[in-house]
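Inside the fold
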Amino acid sequence: MRTDEWSECLRLIAAEQDRAAFTRLFRHFAPLMKAFALSGSAFSASHADELVQEVMLKIWQKAAAFNPEKASASTWVYTIARNCRTDLYRRLHKFDTAVSAEDVGADSETEEAVVLLHSRRSSENLRGLMQQLPSDQRQILAKVFMEGKSHAEVADELDLPLGTVKSRVRLAMQKLRIQIER
Amino acid sequence: MKAMPEFHPDLDLVTEYAAGTLPLAQSACVSMHVSLCVQCRHLAAQLSVLGAALFEELDPAPVGDAQLDAVLARLDEEAPLKYGTSARLAGAVPAILQRLMSGDLSDLSWQAIGRTLRISYLKTGDPDHELALYHIRAGGRIPEHGHRGSEMTLVLAGGFSDADGSYDRGDFLLRRPGDVHAPTALQSEDCICVAVLDAPLQFTGWKFRWMNPFLKLRTG
Ligand SMILES: [Zn+2]
């Protein structure tokens, strides 16, 4: 069981609708959400603010669904931000769809014990390993995950062959000890 | 061209899936595979952890107190939801497919292509991709066809084989532009697949070419 500050905030929100806990969570995560919305310049500042509000309200509503045994608080928050950003993007581009990103997006939670052990360990080690990543590999991961670019778009932007981008992603993941073989 | 059979989406696809950048219909197809495949579920979860680590290292962008007050003022309208577990679990028919079908397999409207194949187009809202269910009769063979674009296929029931390999429930494959194949369903049972296309199929044999105009891409 994780008992870090942010999972404790989520627990308090779920159990007691604790606004002070919500405010602490807001002060930490809202600036990250705004940066996430603005990276890759996908959104204007006002849409970025809209995203922050939406994600924070979702966190308030869904806090009871957070299970600290299955994911860390920051991974859970990131997953909500990612889904909301995709939905906002589709709304702004007038997608006519009943499917939300949450319906089809990757879960941060997994039910399998084996998976769990691994993801917990990798979550703890990941930041340390990330510091040792060469900057060219790190930059590509940031473009893919934070700026929401496809491998092809990253290749275009950095003027690199697509194969080079793909192999840097693969190399980076190996260094981060992500089990990519299936 | 003969390719090694693949049974899972490759690393690039799972990465784009976990980063939330795959087009809607493709994302739906990958998520159905993920709901049936523990290894890919494992990989996607690890990549979400990676995404979260990158997220936490962003340079924070200032958010004023007015924003916080605006959110606090709205908390009362947004009553917390009461639930304990994640809603999406691996099941017989992936939950997202149930939603897209809004009913049962038998309620769908099917278009017959010859005697062995029926196709039902599902609406996802993706403007660039078609998502359809293919029902191939047991032992039935889909006439040889080519792909001008990419085609994702996920086996939901039964199985099929082509020159490259054989595929069972839960298996995923990606056909790339230029690939030509002629899948045959297993003899023992009907095969149902989900297919996501970004360009229509093209039948190559003279006997079936007349059908090509009927295979316009149905996106949306
Ligand atoms: Zn898989």
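Residues numbered from 1 in each chain as written. Chains lettered and ligands numbered in written order. Predicted model: local features only at pLDDT ≥ 70, side-chain atom pairs only at ≥ 80, totals over all residues. Heavy atoms only, no water.

1. A few points about the nonpolar core
Grouped together as the largest cluster of nonpolar side chains are 104 residues, with contacts concentrated most on Phe-145 of chain A together with Leu-50 of chain B. The element best represented in this core is helix 2 (residues 19-38) of chain A, accounting for 11 residues. Split by domain, this core shows at least three residues from each of two domains, domain 1 (1-93) and domain 2 (132-182) of chain A. Not counting residues within four places of it along the chain, the set of residues in contact with Leu-50 of chain B comprises Leu-126, Met-130, Leu-141, Phe-145, Met-173, Leu-176 and Ile-178 of chain A. (Core = buried A, V, L, I, M, F, W, Y, C linked by side-chain atoms within 4.5 Å. Buried < 20%, exposed > 50% of the residue type's maximum accessible area, 1.4 Å probe, protein only. Helix = DSSP H or I, 4+ residues; strand = E, 2+ residues; numbered from the N terminus. Domains from an automatic or database assignment. Contact = heavy atoms within 4.5 Å.)

2. Overview of the packing of aromatic side chains
Going through the model one piece at a time under the given rule, you end up with 8 aromatic pairs over all chains. An aromatic cluster is built from Phe-36 and Tyr-78 of chain A together with Phe-55 of chain B, whose rings are joined through pairwise contacts. If you follow Arg-85 of chain A out to its NZ or CZ, it ends over the ring of Phe-36 of chain A, 3.8 Å from the centre. Taking NZ or CZ as reference, Arg-118 of chain B lies 4.7 Å from the ring centre of Trp-110 of chain B, over its face. (Phe/Tyr/Trp six-rings, centres within 6.5 Å; stacked < 30°, edge-to-face > 60°. Lys NZ or Arg CZ within 6 Å of the ring centre and 35° of its normal.)

3. Looking at the domain arrangement of chain A
Residues and elements named next belong to chain A. Split by domain assignment, chain A resolves into domain 1 (1-93) and domain 2 (132-182). Placing the centre of domain 1 and that of domain 2 at their C-alpha centroids yields a distance of 25 Å. Contact with domain 1, which involves 5 residues of that partner, is made by 5 residues of domain 2. Across the domain 1/domain 2 interface, buried area totals approximately 380 Å², and carbon plus sulfur atoms make up 52% of it. Three residues stand out in domain 1 for area buried against domain 2, namely Gly-40, Tyr-78 and Arg-85, and they jointly supply 66% of the buried area on that side. Counting the contacts that link domain 1 with domain 2 gives 2 residue pairs in polar contact (both at pLDDT 80 or more). Classifying every residue of the side of domain 1 that touches domain 2 by side-chain character gives 2 nonpolar, 2 polar and 1 charged. (Buried area = accessible area lost by both parts, 1.4 Å probe. Polar contact = N/O pair within 3.5 Å; in protein donor to acceptor, adjacent residues only side chain to side chain. Nonpolar A, V, L, I, M, F, W, Y, C, P; charged D, E, K, R; others polar.)

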